[in-house]
Amino acid sequence: MTIWRSALAIALGLLEVSSVRAQTAQGVSGDVKNFVTQYVAATNAKDTARLRSFLYPKSLACIMAENKDYYDAMASHIGEPIPPNYKFSVMPVNEGNLKALEGMGQRWTVKPMQELHIDYQQGDDVGSYIVYLIHENGRWFQDFPCATDAAIKQYRDNAVANEAALARYKALAADIKDPLRSELLGLLRAHETGRATDRYHEATGQDYKTSMYVMNALKTQAR
């Protein structure tokens, strides 16, 4: 069974849409560095209203009352906080990445102009955000694809099973006892998620996929 954790949502940091239709897309003026600074600050603060304001108007228009449940679910998968030592780069759009997203049931209302990568490393942990950009009338916007009806149906069809699986991973994390728990929390706080995953796998015999999800669940307690 595949957990509905869209790589799209994780990479791009999609946001909560409780009253999205009432908000106007604002974008960010100035150079792309200013956009990155504001995007990182809003992401780390989980400032969903500010994140919404970055969306290109045609991306914002995809979010409607009838599909709000899907976009709210994607919003819950905002990635890890971005540390101060991040680096960013802007490059031409990778057509392979666009096709990969289309293969996940996404469609572009407007093709992005550029691809922004925000990369960071803490200890052994490496992370990256990919943000698709449009520059229009002196402002930078995040271009985000809209979900197809088929993608939304797939999410809804799998929602109950996925929630049950995620609940199982949280329960397994809660059930870890000392001294293993303290050891794992120490590794996670030191940003050695790979070592923590290996250690849990070795100690419990859980498969590696389960071990990764359990460490993700435990990680929230290490912050």
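Residues numbered from 1 in each chain as written. Predicted model: local features only at pLDDT ≥ 70, side-chain atom pairs only at ≥ 80, totals over all residues. Heavy atoms only, no water.

**Digging into the nonpolar core**
With 18 residues, the main nonpolar core has Ile 176, Leu 184, Tyr 200, Val 214, Met 215 and Leu 218 as its most contacted residues. Elements that contribute at least two residues to this core include exactly α7 (149-174), α8 (180-189), α9 (193-204) and α10 (208-219). Residues within four places of Leu 184 in sequence aside, it is in contact with Ile 176, Ala 196, Arg 199, Tyr 200, Met 215 and Leu 218. (Core = buried A, V, L, I, M, F, W, Y, C linked by side-chain atoms within 4.5 Å. Buried < 20%, exposed > 50% of the residue type's maximum accessible area, 1.4 Å probe, protein only. Helix = DSSP H or I, 4+ residues; strand = E, 2+ residues; numbered from the N terminus. Contact = heavy atoms within 4.5 Å.)

**Quick word on the packing of aromatic side chains**
As enumerated under the stated definition, the model contains 9 aromatic pairs in all. Aromatic side chains Phe 35 and Phe 54 sit 5.5 Å apart centroid to centroid with 55° between the ring planes, which places their arrangement in the tilted category. Of this pair, Phe 35 sits in helix α2 (residues 32-45) while Phe 54 sits in the loop between α3 (48-53) and α4 (57-60), placing them 19 residues apart in sequence. The burial state of Phe 35 is the same as that of Phe 54; both residues are buried. Three or more aromatic residues joined by ring pairs form one cluster here, namely Phe 35, Tyr 39, Phe 54 and Tyr 129. (Phe/Tyr/Trp six-rings, centres within 6.5 Å; stacked < 30°, edge-to-face > 60°.)

**Overview of α2**
With 14 residues, α2 extends 20 Å between its outermost C-alpha atoms, agreeing within 8% with the 20 Å of an ideal straight helix rising 1.5 Å per residue. Those residues of α2 that fall on the buried side of the exposure criterion are Val 32, Phe 35, Val 36, Tyr 39, Val 40, Ala 42 and Thr 43. One or two positions beyond α2, positive phi appears at Lys 46, with a value near 50°. (Expected span 1.5 Å × (residues − 1).)

**A look at the packing of α8 against α10**
Taken N-terminus to C-terminus, the directions of α8 and α10 make an angle of 80°; their axes are 10 Å apart at the nearest point. When the interaxial angle is binned, α8 and α10 end up roughly perpendicular. Contacts from Arg 181, Leu 184, Leu 185 and Leu 188 in α8 reach Met 215, Leu 218 and Lys 219 in α10. Of the residues contributing to the contact of α8 with α10, the split by class is 5 nonpolar, no polar and 2 charged. (Axes fitted to C-alpha atoms, helices over the stretch in contact; angles between N-to-C directions. Parallel < 35°, antiparallel > 145°, perpendicular 65-115°, else oblique. Nonpolar A, V, L, I, M, F, W, Y, C, P; charged D, E, K, R; others polar.)

**Considerations on the sheet that holds strand β5 (residues 125-136)**
An order of β1-β6-β5-β4-β2 is seen for the 5 strands of this open sheet, with the pairing classed as antiparallel. Each end of this open sheet is capped by a strand with a single partner; those strands are β1 (28-29) and β2 (87-92). Relative to strand β6 (residues 139-143), β1 runs antiparallel, the two sharing 2 bridges. Paired with Val 28 across the strands is Trp 140, a residue of β6. On top of the sheet, α2 reaches β1, β2, β4 (114-122), β5 and β6; it is set at about 125° to β5, its chief contact. (Pairing = 2+ DSSP bridges.)

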